[in-house]
Amino acid sequence: MNPFSLARPKDHAATHALLTGRRFSLPLLKGGGMDVVDHLKEGLWKPDVVIDTRHLRAPGASAPISKDGQTIRIEAWATMSEIAASDILLKDAPCVAHAVGSAASPQVRNVGTAAGNLLQRPRCWYYRNEQFQCLKKGGGTCFAFEGENKFHAIFGEGPCYIVHPSNLAPALCITDAVVHLHGGKRASLPITDLYHTPDKGIRTEHNLEPGEIVTHITLSPAPVSGFYAIKEKQSFDWPLAFACAALQLDGSTIRSARVCAGAVAPVPWLLPGVDAALKGVDLDDDKALRAACAKATEGARPLSQNAYKLTMLPVAVRRAVLMAAGKKVEA
Amino acid sequence: MRRDDIPYSMPTTNRPRNAGSAISDDASRLDAVAKVTGQAIYSRDRYLPNSLFAGFIFCPYGKAKLESHASEAAKKIPGVVEVEISGREGQYHGHTVGHVLAESPEALRRGLAAVACKWVREPVRTKIRDGELAEPSPNAKTSDILAKADHVLEAEYETQVQTHCCLEPHGATIDHKGESATCYISTQGTFAATDGLSDAIGLPRSKYEVICEYIGGGFGSKLNGAGKEGVLAARLSAGHNRPVYLFRTREEDQTDTGNRPSGLARVKIGFTKDGTILGGLVQKFGGVGVGRGGGGMSFPSGRYNLGDIQSDHDDVRFNGGAPRPFRAPGHPQGAFCEELMLDEIATKAGVDPLALRLNLENSGARKEMLELGAEIVGWKNRAKTGSQAGVIRRGFGIGSAAWGSGQGRTDCEVVINRDGSIEARTGTQDIGTGQRTTMAIMTAEAIGVPLAFVGVRIGSSNLPVGPGSGGSVTTPSTAPVMAAAAARAREQLLTTIANLNSADASEFDVKGGEILRAGKPFMTWAQACAKIGGEQIVGRAKQGEGERGKGHSDGVQFVDLRVDTDTGVVYVDRVIAVQSCGRVICRKTAESQIIGGVIQGLSYALFENQVLDRNAGSMLNANMESYKILGPNDMPHIEPVLWTKGATGVRSLGEPPVVPTAGAVACAVFNAIGTPVRSIPLTPDKVLAALAGGGA
Ligand SMILES: Cc1cc2nc3c(=O)[nH]c(=O)nc-3n(C[C@H](O)[C@H](O)[C@H](O)COP(=O)(O)OP(=O)(O)OC[C@H]3O[C@@H](n4cnc5c(N)ncnc54)[C@H](O)[C@@H]3O)c2cc1C
Ligand code: SF4
């Protein structure tokens, strides 16, 4: 790890000034700082200043999670534990609370923040290893493509096959979330515009401009929503595939559905085909439900070691739908 | 919190089945509080004043030539003391080719980075199947058996590389003081660690001490003399006349400090319609990386009557780190193959796997254990293999183990001081089994005083010689000798009292910390000890004295699990572990040893796996995040059952509980889904492939 300064600017404006000023050449924001420290330890980043953001309060910020009319608000600094335990979210957008509560470990959730979770970098083991100068780091090859790609993407056109690491992002994608920013030309960005696929820029996953700071997130209630993740290990492990679903129900019949998958693509993966197929499905008709969920893998192109995700993804979707409806799932 | 603030004894009410099975039914680990409060000083905690810090330069690829380096530039980094390049080629990730010595850990890291090695990669082999594997060559007798059999099972069983993952990495702090030296080494053998040390340190064995008070994980890989780390730290400390601290990083620990080697077993076994096994061919390959030897698998184990087996073995080399002993070397991998093979034969023959084992078992004790375990787990609830429908399917499986009882060189001393305090001493170390606790219990019992009277000193080569912790010999070696030494000290004390009272020592006794004469209270322990002439009484005993454990330690395990057939995820619900170890000294540490073995076995069965990049040979999960180890949510209910029937002496317990688990899990998964998964770890992708008929 190289020496660096640690800054605690008094407000967003001062933070922006530090990010864009001349005093430092490689400034880096931190929320909880876990992903930042991982990068420092691995020798991937060598910032000259690390800027803490957890104390910054945007106008109107009160509690880490709040609700005003039909708008739910999550502050950038809200910890994952706070999100997972929020009464507001558990009632009005359970997919968000459950997605975040399922991530990592209690220790990580106590420190990790909403903004940090959305903007954390991928876990591809070549990306994380100093020795592999892959495409994402400016090199000439994707080592995963011909290498060990069991945990990589089944969707997307390449040329990088990461899966986006955030559990929170897919849940926000089905709740019309908006990411609020300070310091750039725009005040906000819909969550679905926050990320780009590797063909649109391989070095980064998100569309923030240098100097832009996430202040908070707003979203709409989705009281009938659910989340399901399939993991190898039930403690401290990354999902192999997961899904978030938000429904509108007429008794046990699905009037409309929005589903987003995670751990299968370089960005949160919306599944409009499944949304359409779920319309009109009776939740008690498991055959019909499974058939609709099978649409989840349309367009998937697995790599050499991850075809198993084709079996898993429809299962994750089906169980997320059932969870949303408050039905029992098998495990 | 001080140790004295918590009671020595805490009631254990949870496992009624084990009540009364041990010499001490309720003693807690003596150093429990020291360990959980951070007061216990591990070798890696030894930051000495004026210390230098050393680290290795190593190859990050499976095979590469060192084209260039900037060691001259690295020497100029402030705080860097020395840079040495000693090799030009790496044969595996972690292969060391030099070192850096610096004034601080930070300067060391900067120095290592500044060396900026340029490696030119070469093609690699990363697994057994990359090698040229001999074709099976059954001899005439084997061919004959296979030709005559009603059925022949042909299968290939595969196991992965498991790394030791010691929480405290391998390493040493060596403090050379000119005329003498103190060596703090994270070692499983305070005496074995002196191997190779005298030369490196430039002092005779009489001039230095090896100290290892606590060790943060020792599963076999720290039984390697002073290790590369100790030898280099010693040489550097001698050269610079300053303490040198050298501990491996996690990446190095995962790649260059040994592993449980991978294995591949191809079997062709002939059996009759009713499940009588006639014999056949077991062709095995051990994946030893760059190692020479060490890839053996205990298969067939000898526990079952498998007829005439022709067993062939080859070690296969590739570009990976070499194996080192790992808790029951060769056994868990062998047991996985053997147990799953038995269940496959049983299923084919239409025989219940328990009945098959009762029939094939060579040990009467294990047969009884099988019957007990079956009753506890509820074997009667087991559905026939392949008979279940539904998303969630339940499975039961069996595994077994046997372990001989060796002894290592052991001298013990028991000191009784005039102030009444007692000290039990031998130089051996505690790899976590509860060495201090068992020594104190043996001493207290032999003398007749409460446990709280006894203090323990271990972990130093200046103490009487004690065994290295390998082969599960530490407790069987020390416990009888400790008791003999304590009995001798007691005898001396009673003789002193008898002489002062002009009586015969046989009139006196010690019970509950009181001196009795003719069975009646005579004086307190303190009063008696105050009469000791000279400073203290020392009772000594050596290997061979005391009641030695005879025969085998046996174990059987039953696993009860569920498989989610939609996702392939395996959820283990219960493990019943029936285990013998002769006379149980301390119930809690014995139970904890069994539970720990089961946890490590489950982790091996379900998760752990060293992933080498097939093209570069680098270990991609050289950390403890993507190298997956069982966590709290993956913990089943584990019930250790202490089997003490006919117990004499103290026998091995360290390794056997890790042996049966993976085999039992594999059998249970087969029972649940009806298709064997012949490769561990049993990850969801493999289970789904088996369910889809993609084979094992
Ligand atoms: C073993 C393990 C397992 C895990 N499993 C999961 C999992 O299953 N699912 C999951 O979602 N996560 C998982 N995580 C990741 C964990 O949730 C993240 O480490 C965490 O969310 C990062 O949060 P942080 O606040 O520490 O981020 P930081 O490290 O502080 O920041 C991450 C990134 O965000 C940027 N950033 C932070 N705040 C702001 C801001 N306000 N504006 C602009 N940029 C900002 C930083 O510059 C940095 O690039 C796991 C982590 C570990 C270690
Ligand atoms: S998947 Fe992306 S991050 Fe991983 S090796 Fe390929 S290019 Fe690099």
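Residues numbered from 1 in each chain as written. Chains lettered and ligands numbered in written order. Predicted model: local features only at pLDDT ≥ 70, side-chain atom pairs only at ≥ 80, totals over all residues. Heavy atoms only, no water.

Topic: the overall build of chain A
Okay, step 1: Within chain A, the regular secondary structure consists of 11 helices and 12 strands.
Okay, step 2: In summary, chain A has a C-alpha radius of gyration of 20 Å against a globular reference of 20 Å for 331 residues, a match within 12%.
Okay, step 3: Dimensions of chain A, computed from C-alpha atoms along their principal axes, come out at roughly 65 × 50 × 35 Å.
Okay, step 4: For chain A, with 331 residues in total, the buried portion stands at 55%.
Okay, step 5: For chain A, the proportion of contacts with a sequence separation of at least 24, taken over those separated by at least 6, is 62%.
Okay, step 6: For chain A, the computed accessible surface area is about 13,300 Å², with 54% contributed by carbon and sulfur atoms.
Okay, step 7: The averaged location of the 31 negative side-chain charges in chain A is 3 Å from the averaged location of its 37 positive side-chain charges. (Helix = DSSP H or I, 4+ residues; strand = E, 2+ residues; numbered from the N terminus. Rg over C-alpha atoms; globule rule 2.2 N^0.38 Å. Buried < 20%, exposed > 50% of the residue type's maximum accessible area, 1.4 Å probe, protein only. Contact = heavy atoms within 4.5 Å. Areas by Shrake-Rupley, 256 points an atom, 1.4 Å probe, with all protein chains shown as cover. Lys, Arg positive; Asp, Glu negative; His and termini not counted. Charge placed at Lys NZ, Arg CZ, Asp CG, Glu CD.)

Digging into the overall build of chain B
Okay, step 1: A count of helices and strands for chain B gives 16 helices and 29 strands.
Okay, step 2: Its C-alpha atoms give chain B a radius of gyration of 27 Å, within 12% of the compact-globule value 26 Å for 696 residues.
Okay, step 3: For chain B, the proportion of its 696 residues judged to be buried stands at 61%.
Okay, step 4: A fraction of 80% describes how many contacts in chain B between residues 6 or more apart in sequence connect residues 24 or more apart.
Okay, step 5: Carbon and sulfur atoms make up 49% of the accessible area of chain B, which amounts to about 25,000 Å² in all.
Okay, step 6: Put simply, chain B has 76 plus and 75 minus side-chain charges, and the middle of one group is 0 Å from the middle of the other.

Some details on the packing of helix H10 (residues 286-294) of chain A against helix H11 (residues 308-324) of chain A
Residue and element names in this part refer to chain A.
Okay, step 1: Relative to each other, H10 and H11 sit at 125°, their axes nearing to 8 Å. Judged by the inter-axis angle, H10 sits oblique to H11. Crossing angle aside, the handedness with which H10 passes H11 is right-handed. Listed contacts from H11 to Asp286, Leu289, Arg290, Cys293 and Ala294 of H10 are Pro314, Val317, Arg318, Val321 and Leu322. (Axes fitted to C-alpha atoms, helices over the stretch in contact; angles between N-to-C directions. Parallel < 35°, antiparallel > 145°, perpendicular 65-115°, else oblique. Left-handed = near helix turned anticlockwise from the far one by under 90°.)

A look at the domain arrangement of chain A
Okay, step 1: Along its sequence, chain A is carved into domain 1 (1-54) and domain 2 (225-324).
Okay, step 2: Using C-alpha coordinates to define each centre, domain 1 of chain A is positioned 37 Å away from domain 2 of chain A. (Domains from an automatic or database assignment.)

A short note on the interface of chain A and chain B
Okay, step 1: Each partner contributes to the interface: chain A provides 36 residues, whereas chain B provides 37 residues.
Okay, step 2: When the buried area of chain A at its contact with chain B is split by residue, Trp125(A), Lys233(A) and Gln234(A) rank highest and sum to 20% of it.
Okay, step 3: Linking chain A to chain B there are 9 salt bridges.
Okay, step 4: Across the contact surface, chain A and chain B share 15 residue pairs in polar contact (both at pLDDT 80 or more).
Okay, step 5: Where the side of chain A that touches chain B is concerned, the elements lending two or more residues are strand E9 (225-231) and H11 of chain A.
Okay, step 6: Considering each element in turn, the side of chain A that touches chain B owes the most residues, 6 residues, to H11(A).
Okay, step 7: A per-class count over the side of chain A that touches chain B returns 16 nonpolar, 7 polar and 13 charged. (Buried area = accessible area lost by both parts, 1.4 Å probe. Salt bridge = Lys/Arg side-chain N within 4 Å of Asp/Glu carboxyl O. Polar contact = N/O pair within 3.5 Å; in protein donor to acceptor, adjacent residues only side chain to side chain. Nonpolar A, V, L, I, M, F, W, Y, C, P; charged D, E, K, R; others polar.)

So, the pairing of strand E2 (residues 27-30) of chain A
Residue and element names in this part refer to chain A.
Okay, step 1: Alternating residues of E2 divide into Leu28 and Lys30, all buried, and Pro27 and Leu29, none buried.
Okay, step 2: Sheet analysis places E2 next to strand E3 (residues 49-52), joined by 4 bridges and oriented parallel. Looking at the pairing, Leu29 lines up with Ile51 of E3.
Okay, step 3: The β-α-β motif built from E2, the intervening helix H2 (residues 34-41) and the parallel element E3 has right-handed crossover chirality. (Pairing = 2+ DSSP bridges. Right-handed = clockwise from strand over helix to strand, strands pointing away.)

Re the site of ligand 1
Okay, step 1: Of all residues adjacent to ligand 1, which total 31 residues, the nearest are Leu29(A), Gly31(A), Gly32(A), Gly33(A) and Thr113(A).
Okay, step 2: Neighbouring residues of ligand 1 are not confined to a single chain but are spread across chains A and B.
Okay, step 3: In the environment of ligand 1, an oxygen atom lies 2.6 Å from a nitrogen or oxygen atom belonging to the backbone of Gly32(A).
Okay, step 4: Between ligand 1 and Asn167(A) there is a distance of 2.7 Å, counted from an oxygen atom to a backbone nitrogen or oxygen.
Okay, step 5: For ligand 1, whose unbound accessible area comes to 980 Å², protein coverage reaches 94%.
Okay, step 6: Broken down by secondary-structure element, the contributors of at least two residues to the shell around ligand 1 are E2, H2, helix H7 (114-119) and strand E8 (213-219) of chain A.
Okay, step 7: Here the shell around ligand 1 gets 4 residues from one element, more than from any other, and that element is H7(A).
Okay, step 8: Among the residues making up the shell around ligand 1, the classes are represented as 17 nonpolar, 10 polar and 4 charged. (Near = heavy atom within 4 Å.)

Some remarks on the nonpolar core
Residue and element names in this part refer to chain B.
Okay, step 1: In this structure, Tyr157, Met341, Leu561, Val665 and Val669 are the most contacted members of the largest nonpolar core, which totals 60 residues.
Okay, step 2: In terms of residues, this core owes the most to one element, helix H15 (residues 661-673), which gives 9 residues.
Okay, step 3: Residues contacting Met341, with those up to four places away along its chain left out, are Leu153, Tyr157, Val267, Ile269, Phe299 and Leu306. (Core = buried A, V, L, I, M, F, W, Y, C linked by side-chain atoms within 4.5 Å.)

Examining the sheet that holds strand E10 (residues 239-250) of chain A
All names here are of chain A.
Okay, step 1: Strand order in the open sheet made by the 4 strands is E9-E10-E11-E12, with antiparallel pairing throughout. Of all strands in the sheet, those with a lone pairing partner are E9 and strand E12 (269-270), marking the two edges.
Okay, step 2: Summarising the sheet, E9 and E10 pair through 7 bridges and their orientation is antiparallel. Each bridged residue has a counterpart across the sheet, and for Gly226 the counterpart in E10 is Ala245.

A few points about the side chain of Ser221(B)
Okay, step 1: Its location among the elements puts Ser221(B) in the loop between strand E12 (208-211) and helix H6 (227-240).
Okay, step 2: In this structure, Ser221(B) is in contact with His164(B), Cys166(B), His170(B), Gln188(B), Thr257(B), Arg324(B) and Pro325(B), ignoring residues within four places of it in sequence.

Let's talk about the packing of helix H8 (residues 331-349) of chain B against H15(B)
Residues and elements named next belong to chain B.
Okay, step 1: Viewed as axis vectors pointing N to C, H8 and H15 meet at an angle of 30°, and their least axial separation amounts to 7 Å. One finds that H8 runs roughly parallel with respect to H15. Crossing hand, H8 versus H15: right-handed. Contact residues: H8 offers Ala335, Phe336, Glu339, Leu340, Asp343, Glu344 and Thr347, while H15 offers Ala662, Gly663, Ala666, Cys667 and Phe670.
Okay, step 2: Broken down by class, the residue content of the contact of H8 with H15 amounts to 7 nonpolar, 2 polar and 3 charged.

Description of the site of ligand 2
Okay, step 1: Near ligand 2, the surroundings consist of 13 residues, among which Cys124(A), Cys134(A), Cys142(A), Cys160(A) and Tyr161(A) are the closest.
Okay, step 2: Its residues assigned to classes, the shell around ligand 2 comprises 11 nonpolar, 1 polar and 1 charged.

A word on the sheet that holds strand E18 (residues 392-403) of chain B
Residues and elements named next belong to chain B.
Okay, step 1: In spatial order, the strands read E18-E26-E27-E29; together these 4 strands make up an open sheet with mixed pairing. The strands lining the two open edges of the sheet, one partner per strand, are E18 and strand E29 (637-643). Between one strand and the next, the sheet's axes are offset by a mean angle of 15°, whatever the strand orientation.
Okay, step 2: Of the strand pairs in this sheet, strand E26 (residues 553-564) and strand E27 (residues 570-580) are connected by 9 bridges, and their pairing is antiparallel. Following the sheet pairing, Leu561 is matched in E27 by Val572.

Examining the environment of Gly230(B)
Residue and element names in this part refer to chain B.
Okay, step 1: Looking at the element boundaries, Gly230 is found in helix H6.
Okay, step 2: Exposure remark for Gly230: the relative accessible area of 0% places this residue in the buried category.
Okay, step 3: Through-space distance from the C-alpha of Gly230 to that of Asp199 is 12 Å; in sequence the pair is 31 residues apart.
Okay, step 4: Not counting the four nearest positions on each side in its chain, Gly230 is found in contact with Ala172, Ile174 and Leu197.

Overview of the pattern of salt bridges
Residues and elements named next belong to chain B.
Okay, step 1: This structure, assessed with the given rule, holds 75 salt bridges over all chains.
Okay, step 2: A salt bridge links Asp509 to Lys511, with the nearest nitrogen and oxygen atoms 3.7 Å apart.
Okay, step 3: You can call Asp509 partly exposed: its relative accessible area is 24%.
Okay, step 4: We classify Lys511 as exposed; its relative accessible area is 53%.
Okay, step 5: One salt bridge connects Glu591 with Arg587, and the closest N-O pair in it is separated by 3.1 Å. In this pair, Glu591 and Arg587 are both assigned in helix H14 (residues 587-606), 4 residues apart and thus about one turn of the helix distant.

Digging into the packing of aromatic side chains
Residues and elements named next belong to chain B.
Okay, step 1: For the structure shown, the criterion picks out 19 aromatic pairs over all chains.
Okay, step 2: Taken together, a centroid distance of 5.7 Å and an interplanar angle of 45° make the contact between Tyr42 and Tyr214 tilted. A residue pair is termed long-range when its members are at least 10 positions apart, and Tyr42 in the loop between helix H1 (32-36) and strand E2 (52-58) and Tyr214 in the loop between E12 and H6 qualify at 172 residues.
Okay, step 3: Aromatic side chains Phe53 and Tyr245 sit 5.3 Å apart centroid to centroid with 55° between the ring planes, which places their arrangement in the tilted category. Taken as a pair, Phe53 in strand E2 and Tyr245 in strand E13 (residues 244-247) lie far apart in primary sequence, 192 residues in all.
Okay, step 4: Look at Phe53 and you get buried, because its relative accessible area is 10%.
Okay, step 5: Between Arg260 and the ring centre of Tyr604, over which it is positioned, the NZ or CZ distance is 5.4 Å.
Okay, step 6: Stacked on the ring of Tyr214, the Lys or Arg Arg436 has its end atom at 4.4 Å from the ring centre. (Phe/Tyr/Trp six-rings, centres within 6.5 Å; stacked < 30°, edge-to-face > 60°. Lys NZ or Arg CZ within 6 Å of the ring centre and 35° of its normal.)

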